[in-house]
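Report on the structure
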Number of protein chains: 2
Amino acid sequence: MKRDTRSRDDLNIVLDTASALGLQHQLRQKLIDAIHRGVLRPGRRLPSSRKLAERIGVCRNTVSLAYDALLAENHLVSRARSGIFVASDMASGRIAASARNLGPTSRLIAGLPAPVEDTGFRCPQNWHQYPFPFLDGRITPELLPLPEWREAMRLACSRHEALSWNLGTGDGDDAMLLEEMRSKILPVRGIDAAPDELLMTLSARQALQLVCELLVRRGVPVLLEEPCDVELHRRLRERQADVSMLDPTLGKPLPGAAIVVSSSHRSHDAQSAWPRQLLAAVAAADGILIEHDMPPSTRDGGKLLPALHAIDHDGRVVYISSPAAVVACGEPPGVIVADAALVERLRQLRRNQGTGPSPISQRAWAYFIGLGHYSATLARSSRVLEGRRRALRDALNHYLHEFVSIETTPGASAYWVSLAASIDARELVQRAAANGVLLETARMSGGREAICMGVTSLIESQIRAGVHVLSRLVRGQLAPGSRRIEDAAVAPLSGRALSKTMAGATLLYNTVYGEPCTLEIRKNGELVGTAGYANEDCDRGHWWIEEDRWYRQWTQWAYGEVASYAVVIENDQLRWYGSDGLLADTAVIIRPARSAAKSKGGTSS
Amino acid sequence: MKRDTRSRDDLNIVLDTASALGLQHQLRQKLIDAIHRGVLRPGRRLPSSRKLAERIGVCRNTVSLAYDALLAENHLVSRARSGIFVASDMASGRIAASARNLGPTSRLIAGLPAPVEDTGFRCPQNWHQYPFPFLDGRITPELLPLPEWREAMRLACSRHEALSWNLGTGDGDDAMLLEEMRSKILPVRGIDAAPDELLMTLSARQALQLVCELLVRRGVPVLLEEPCDVELHRRLRERQADVSMLDPTLGKPLPGAAIVVSSSHRSHDAQSAWPRQLLAAVAAADGILIEHDMPPSTRDGGKLLPALHAIDHDGRVVYISSPAAVVACGEPPGVIVADAALVERLRQLRRNQGTGPSPISQRAWAYFIGLGHYSATLARSSRVLEGRRRALRDALNHYLHEFVSIETTPGASAYWVSLAASIDARELVQRAAANGVLLETARMSGGREAICMGVTSLIESQIRAGVHVLSRLVRGQLAPGSRRIEDAAVAPLSGRALSKTMAGATLLYNTVYGEPCTLEIRKNGELVGTAGYANEDCDRGHWWIEEDRWYRQWTQWAYGEVASYAVVIENDQLRWYGSDGLLADTAVIIRPARSAAKSKGGTSS
């Protein structure tokens with residue numbers, strides 16, 4: 001009897017009925033986990049399916065199915081009239097780890113050259129909880145073609161497909177995807193390429209890196225068109241290229257054998273002379289043009305322009321693009337169009353770096369395009385984004401016209417917002433985040449910083465309000481919060497209002513280390529805190545209200561001590577004032593209804 | 001009427017009933033394709049589902065379902081009492097491509113530094129058709145856990161998962177996969193790592209490249225343990241590191257602050273002093289050890305050794321590994337275990353290169369491990385590979401003991417075969433391929449070449465026969481084939497034997513450019529030829545037999561001219577002798593039964 005009790009305790013399986021993952025799968029995971037951790041040792045007898053079902057509160061069939069799956073794979077063995085046991089030869093070996101000191105590798109870090117210039121912004125994991133995330137490329141769920149992706153993935157995972165991945169194509173790309181790119185994606189920009197003139201990459205950024213790695217070496221003059229990727233700039237300098245920005249007037253001849261990286265269409269007008277002028281300038285210098293194109297969309301605001309690659313008769317253009325991210329699940333692949341011999345060298349480089357795109361994701365993209373999902377969802381999302389872009393343009397004009405100038409490219413889902421010289425972009429970005437507005441900085445000509453405002457990540461009705469908050473920040477109407485509670489424009493919450501506001505709310509703020517922190521204030525008096533970019537730092541605690549003050553106590557954070565605060569709320573911003581009457585911190589507050597609806601879809605693992 | 005006829009002709013849909021892809025999906029692909037190509041123009045009326053079903057020979061429901069899917073996505077529109085039409089606003093724009101010359105980019109190639117040293121072997125796409133493919137890492141289908149992978153992929157593609165990919169974790173890795181690596185994969189080697197000490201990569205090779213890119217710069221002494229990756233060697237020299245091979249006796253002190261790349265366990269004996277000697281030598285030089293480990297297997301021939309990382313108390317070891325490729329569908333991810341600060345820098349580098357592993361494949365791996373499929377299939381495949389490895393060892397001992405010396409590492413699925421000095425490894429590899437034996441070269445100490453023989457890619461019963469063919473090549477018993485037909489040891493085929501042998505056979509040979517070529521000799525008199533590493537060069541033709549000679553005529557290849565040959569067959573090798581009586585070419589011949597069975601599973605797209 002005693003043994004039985006112990007075994008119950010150490011098995012200790014709890015299933016999550018709210019999880020989207022089925023109970024049978026959860027149970028299999030937990031049992032495998034217990035075997036790996038040595039909780040279920042080899043030869044140990046498992047409870048009968050009836051007993052285990054009773055104990056963990058699921059129906060017996062769920063346990064039977066889970067046992068069957070584990071028996072089939074020899075994790076468990078069944079002995080007649082004795083029951084089901086953990087297989088003796090299956091327990092994964094494990095070696096006890098020994099203690100380790102922080103040693104030379106950590107010291108090495110200090111000796112490394114400074115990291116990439118910080119763009120002043122890293123996207124918090126819970127960006128979708130912020131009321132105004134203007135983040136280009138993060139996608140609101142209703143834009144995503146989920147059933148279509150599931151169909152494409154299912155087809156790519158079928159038995160005959162899996163066998164063909166396994167046979168392997170050496171370092172070749174998926175022939176079906178190449179055909180779809182050639183026949184449906186590239187012709188939108190007037191590009192006609194043979195299969196051996198295409199290379200698929202993991203992302204457009206990888207495509208750019210591969211091309212630059214192959215073609216750019218010490219002393220090569222490289223001219224970058226603005227706006228350009230800061231990281232590309234840094235990598236080119238690291239390769240000791242002679243990097244400068246491209247003069248948009250093409251006022252003087254380019255240096256001989258220059259490599260020009262064009263990252264946007266300067267002009268969106270089909271009549272513009274720019275593309276031919278640029279090609280002529282590159283030709284005059286006997287140079288190469290690397291064209292980093294926007295994803296070819298069917299719409300582009302109604303205008304359809306050929307790529308530089310398509311109007312080049314000279315073989316001077318290496319073309320880089322990718323399908324539109326807005327209809328992708330995850331990062332869309334990149335594609336390089338170039339001379340076959342160059343593609344062969346790039347393919348070799350990709351193989352040598354161990355960074356070929358996986359066959360299954362290539363095949364899934366091939367189905368997604370080939371079944372028409374790509375063009376259909378792109379058309380649908382273009383309509384939605386068109387409306388959001390207009391809303392952003394109108395709001396910027398209305399609220400901020402004397403402080404900003406904006407530009408965009410056709411088909412793009414973001415505006416580049418240049419700020420008046422008096423405004424520090426990085427500071428604005430940080431203060432905006434504290435007010436619920438997420439922005440990214442962008443580097444413009446002369447190293448000047450601007451902000452990038454995207455519309456893929458928030459619904460149209462939030463755009464105006466978000467720009468309004470931003471304009472109040474820019475105009476200094478939203479101070480970081482009065483330092484002293486006596487100076488606060490709004491009175492602290494009290495009584496039932498305080499309790500009602502806090503219970504069930506989620507607070508978003510930054511730790512003193514600048515890392516994002518999420519604080520769930522549960523209605524049952526619990527606190528759950530997660531901090532860091534990967535939620536790596538977690539704690540739990542309790543909260544309560546006494547005499548119009550909000551009390552909290554963490555288990556470990558803040559030394560586990562009790563602290564109390566007066567709370568002021570203005571718009572989406574919450575300010576805590578400590579017992580000394582001074583401002584302790586600010587946070588974005590998400591009200592219960594909103595938070596519950598969002599987290600349901602988003603945060604289950 | 002006339003119009004109707006034309007529209008039938010230009011639509012011209014043919015479905016493949018033998019394809020593993022369902023008819024409804026095929027029909028959708030063909031219709032989308034026709035819309036994209038402009039064959040079905042906007043506003044064009046489609047045939048009724050009944051008519052189209054009749055015409056292409058499928059049941060009406062198939063057509064209706066395909067139409068419904070395209071209607072739902074607005075590719076088609078339905079007008080009451082008129083029928084179904086191609087949507088007017090959906091046709092993807094396309095711009096006519098203009099002519100392009102081969103230009104400066106192709107000239108640039110000539111100016112690039114020589115490509116990576118050629119390892120003398122590239123895997124042909126149809127390696128699985130060769131009778132004796134000793135290719136480490138290519139997997140015979142019966143080893144693959146396909147149903148298990150489909151389950152993992154299906155779970156990773158479910159709705160709640162897809163939403164969580166989209167929310168994005170910035171540049172973080174999938175938390176569930178990190179947990180599975182920490183709790184089930186790494187402890188097998190005694191490694192205990194916090195989540196922020198792990199970074200997932202696309203492959204172990206990418207992991208190695210990232211670590212070297214970050215840590216190795218000009219002048220840094222780098223010592224490589226043999227056998228080492230040629231490409232790593234080249235990249236390190238390109239970074240102007242001071243690269244040399246590690247002295248396996250550790251005879252003299254390592255240079256100060258040296259970086260040692262250990263790519264294997266020198267000793268497989270748990271009692272060996274080598275691991276501690278190596279660590280001590282690195283510590284004495286205040287250096288860093290990059291440990292490129294074999295995938296931790298539960299078996300390793302019964303021995304379980306801790307990683308160097310696990311016995312290092314000093315924080316000197318950066319550990320790189322990956323799950324075993326033998327149970328993966330496609331390349332398995334790599335993992336780096338290092339100090340958290342170093343991991344953070346590597347993560348940044350990975351982001352900047354645009355090469356983060358996709359969230360869906362990470363999640364699928366997490367399920368594959370978490371549901372116990374990884375350990376179960378690894379145990380199963382270890383048993384199979386153990387038998388094959390023993391068969392290879394025995395065959396090499398029996399047939400080639402005076403010409404070769406072999407080594408392997410525990411748990412590895414390949415032997416490194418060093419050849420007697422009189423044997424040219426590259427030439428042997430090429431001649432072996434012409435006799436149906438696929439091998440890879442490997443570089444050993446002092447730049448000497450050896451061959452690598454793997455057993456993942458062929459079944460146990462083929463191993464002895466393959467080594468026998470190899471031994472006859474080494475002993476000069478298999479000449480490339482007598483130059484003149486009079487000297488051939490075997491008489492040419494004649495009459496029914498010739499016809500019976502050729503009809504339905506598949507021939508594998510190399511073009512004069514050295515690229516693989518596959519020739520299907522169909523029973524109906526057709527020839528289908530595909531050449532190149534990506535089957536990019538194809539032709540069709542006819543064959544027939546007259547007066548004991550085999551005739552063939554291609555549409556384009558060989559100038560479309562008729563040629564006739566006498567045919568000699570010895571083992572798996574076929575030799576063609578031209579009308580001048582001289583040897584024209586040799587090929588590996590695959591007999592009908594074998595070829596049909598193999599191509600069924602393998603080559604459908």
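See the structure printed just above.
Note that this is a predicted model, so its numbers are computed, not measured.

Side note on the packing of aromatic side chains
Residues and elements named next belong to chain A. Taken as a whole and judged by the stated rule, the model has 20 aromatic pairs over all chains. Note on Trp544 and Tyr551: the rings are 5.5 Å apart at their centroids and 15 degrees apart in plane angle, and the pair reads as stacked. With relative accessibility at 18%, the residue Tyr551 sits in the buried group. Through pairs of rings, three or more aromatic residues link up here, namely Tyr509, Trp543, Trp550, Tyr565 and Trp576. Arg79 extends its terminal NZ or CZ atom over the ring of Phe85, reaching a point 4.1 Å from the ring centre.

Some thoughts on the nonpolar core
Core analysis: the largest hydrophobic core is formed by 142 residues, its most contacted members being Phe134, Ile451 and Met453 of chain A together with Phe134, Ile451, Met453 and Val467 of chain B. Every residue in contact with Met453 of chain A, bar those within four places of it in the chain, is listed here: Phe134, Leu392, Leu396, Ser413, Ala414, Tyr415, Val417, Leu439, Val467 and Leu470 of chain A. With 30 residues, the next largest nonpolar core counts Ala204, Leu236, Val243 and Val318 of chain A among its residues.

Re the sheet that holds strand E10 (residues 334-337) of chain A
Residues and elements named next belong to chain A. On the basis of which strands lie adjacent, the open sheet formed by seven strands has the order E4-E10-E9-E8-E7-E5-E6 and mixed pairing. Of all the strands in the sheet, the pair left with one neighbour each is strand E4 (198-201) and strand E6 (242-245). For this sheet, the mean inter-axis angle between neighbouring strands, taken without regard to orientation, is 20 degrees. Sheet topology note: the strand E5 (residues 221-224)/strand E7 (residues 259-262) ladder contains three bridges and is parallel.

Remarks on helix H10 (residues 230-238) of chain B
Every buried residue belonging to H10 of chain B is among Val230, Glu231, Leu232, Arg234, Arg235 and Leu236 of chain B, and all of these are buried. Just past H10 of chain B, the residue Gln240 of chain B takes up positive phi, approximately 60 degrees.

Topic: the packing of helix H3 (residues 49-56) of chain A against helix H4 (residues 60-72) of chain A
All names here are of chain A. Interhelical geometry of H3 versus H4 gives an angle of 120 degrees and a closest axis separation of 8 Å. By the angle between their axes, H3 is oblique relative to H4. Here the hand of the crossing between H3 and H4 comes out right-handed. Residues Ser49, Arg50, Leu52 and Ala53 of H3 form the contact with H4, whose participating residues are Arg60, Val63, Ser64 and Tyr67.

Quick notes on the packing of helix H14 (residues 359-370) of chain B against helix H15 (residues 373-400) of chain B
Residue and element names in this part refer to chain B. Viewed as axis vectors pointing N to C, H14 and H15 meet at an angle of 70 degrees, and their least axial separation amounts to 5 Å. As far as their axial angle goes, H15 and H14 are roughly perpendicular. Only His373, Tyr374 and Thr377 of H15 make contact with H14, whose side of the interface consists of Trp365, Phe368 and Ile369. Each residue belonging to the contact of H14 with H15 can be placed in one class, and the counts come to four nonpolar, two polar and no charged.

As for helix H11 (residues 274-284) of chain B
All names here are of chain B. Among all positions of H11, only Trp274, Pro275, Leu278, Leu279, Ala281 and Val282 are buried. With its buried residues spanning 160 degrees around the axis, H11 presents them on a single face. Relative to its buried face, H11 has exposed residues pointing more than 90 degrees away, namely Arg276 and Ala284. In this structure, the buried residues of H11 make contact with strand E7 (259-262), strand E8 (288-292), helix H12 (308-311) and strand E9 (317-321). Positioned one or two residues after H11, Asp286 has a phi angle of 50 degrees, which is positive.

What to know about unusual backbone geometry
All names here are of chain B. At Asn74, a position not held by glycine, the phi torsion is positive, near 65 degrees. For Asn74, the location among the structural elements is in the loop between helix H4 (60-72) and strand E1 (76-79). Taking the relative accessible area as the measure of exposure, Asn74 reaches 41% and is therefore partly exposed. Despite not being glycine, Glu547 has its phi angle at roughly 45 degrees, a positive value. Residue classification places Glu547 among the exposed positions, given a relative accessible area of 75%.

Comments concerning the sheet that holds strand E22 (residues 573-577) of chain A
Across a sheet, strands are paired by hydrogen bonds formed along the backbone, either parallel or antiparallel in direction. Residue and element names in this part refer to chain A. Around the barrel, which closes on itself, the eight strands sit in the order E16-E17-E18-E19-E20-E21-E22-E23 with antiparallel pairing between neighbours. Taking each pair of neighbouring strands and ignoring which way they run, the sheet shows an average axis angle of 35 degrees. Strand direction decides the pairing type here: strand E17 (residues 516-521) and strand E18 (residues 526-531), joined by five bridges, are antiparallel. Residue pairing in the sheet places Cys517 in a bridge with Ala531 of E18.

Describing the layout of surface pockets
Reported here for the second largest pocket is a volume of approximately 680 Å³. Together, 20 residues line the second largest pocket, and Glu238, Arg239 and Gln240 of chain A together with Glu238 and Arg239 of chain B are the ones closest to its centre. Among the secondary structure elements, those contributing two or more residues to the lining of the second largest pocket are helix H9 (204-215) and helix H10 (230-238) of chain A together with helix H9 (204-215) and H10 of chain B. Class assignment of the residues belonging to the lining of the second largest pocket gives a composition of four nonpolar, four polar and twelve charged.

Observations regarding the state of the cysteines
All names here are of chain A. Overall, the coordinates contain zero disulfides over all chains when judged by the stated rule. Summary of cysteine pairing: Cys517 is not part of a disulfide, and the nearest cysteine sulfur, belonging to Cys538, is at 9.5 Å. Classification of Cys517 as buried rests on a relative accessible area of 3%.

A short note on the pattern of salt bridges
Scanning all chains against the criterion turns up 46 salt bridges over all chains. Note that Arg316 of chain B is salt-bridged to Asp314 of chain B, the shortest N-O span being 2.7 Å. Residue class for Arg316 of chain B comes out buried when judged on its relative accessible area of 7%. Under the relative-accessibility criterion, Asp314 of chain B is labelled partly exposed at 30%. Salt bridges sharing partners connect three or more residues here, namely Asp173, Glu344, Arg347 and Arg350 of chain A.

Each value, and the rule that gives it
Residues numbered from 1 in each chain as written. Chains lettered and ligands numbered in written order. Predicted model: local features only at pLDDT ≥ 70, side-chain atom pairs only at ≥ 80, totals over all residues. Heavy atoms only, no water. Phe/Tyr/Trp six-rings, centres within 6.5 Å; stacked < 30°, edge-to-face > 60°. Buried < 20%, exposed > 50% of the residue type's maximum accessible area, 1.4 Å probe, protein only. Lys NZ or Arg CZ within 6 Å of the ring centre and 35° of its normal. Core = buried A, V, L, I, M, F, W, Y, C linked by side-chain atoms within 4.5 Å. Contact = heavy atoms within 4.5 Å. Pairing = 2+ DSSP bridges. Helix = DSSP H or I, 4+ residues; strand = E, 2+ residues; numbered from the N terminus. Axes fitted to C-alpha atoms, helices over the stretch in contact; angles between N-to-C directions. Parallel < 35°, antiparallel > 145°, perpendicular 65-115°, else oblique. Left-handed = near helix turned anticlockwise from the far one by under 90°. Nonpolar A, V, L, I, M, F, W, Y, C, P; charged D, E, K, R; others polar. Arc of directions from axis to C-beta. 1 Å grid on protein atoms, 1.4 Å probe; cavity = no way out; pocket = protein on both sides within 12 Å on 5 of 7 lines; lining within 4 Å. Points joined across faces, edges and corners; volume = space filled by probe spheres on them. Disulfide = S-S within 2.5 Å. Salt bridge = Lys/Arg side-chain N within 4 Å of Asp/Glu carboxyl O.

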